[in-house]
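One letter stands for each residue in the lines below.
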Amino acid sequence: MANRAKAAALYDERFCRMWEFYLSAAEATMRAGGQMVFQIQLSRRIDAVPITRDYIGEWEQNRRRPVATEPERERQPQTDD
């Protein structure tokens, strides 16, 4: 609420009211313990996305693997594989 005036200046009063409603609803839902999350993937063609969503988990696992930065690569010993 400290930055509400800034948000209203950037967007408008309607946005601020909708945001406050969203936050109030989220708080009430979390307090009651009845929240659920649904993810829906829409496509015009049935073959545009895989039937299962396994690829999402695989992508997330690959994103979590650390990637060596340039200085780290230079410190790693070179091997002749």
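All of these numbers come straight from a predicted model, not from anything done at the bench. (Residues numbered from 1 in each chain as written. Predicted model: local features only at pLDDT ≥ 70, side-chain atom pairs only at ≥ 80, totals over all residues. Heavy atoms only, no water.)

> What exactly am I supposed to notice about a nonpolar patch on the surface here?
A grouping of Met36, Phe38, Ile40 and Leu42 is seen on the molecular surface, where their side chains present a nonpolar patch of about 600 Å² in accessible area. Position of Met36 relative to the elements: it lies in the loop between helix 2 (13-32) and helix 3 (54-64). (Patch = residues over 30% accessible without salt bridge, like charges linked within 9 Å, V, L, I, M, F, W, Y side chains within 5 Å. Areas by Shrake-Rupley, 256 points an atom, 1.4 Å probe, with all protein chains shown as cover. Salt bridge = Lys/Arg side-chain N within 4 Å of Asp/Glu carboxyl O. Helix = DSSP H or I, 4+ residues; strand = E, 2+ residues; numbered from the N terminus.)

> For this particular structure, what's the right way to read the pattern of salt bridges?
Two side chains of opposite charge can pair, provided their charged atoms sit close to one another. In the structure shown here, the tally under the stated rule is 4 salt bridges. Arg4 serves as the salt-bridge partner of Glu20, at 2.5 Å between the closest nitrogen and oxygen. With Glu20 in helix 2 and Arg4 in helix 1 (residues 4-10), this residue pair connects regions lying 16 residues apart in the sequence. Here Arg45 and Asp47 are joined by a salt bridge, their closest N and O atoms 3.0 Å apart. The same class applies to Arg45 and to Asp47, which are both exposed. (Buried < 20%, exposed > 50% of the residue type's maximum accessible area, 1.4 Å probe, protein only.)

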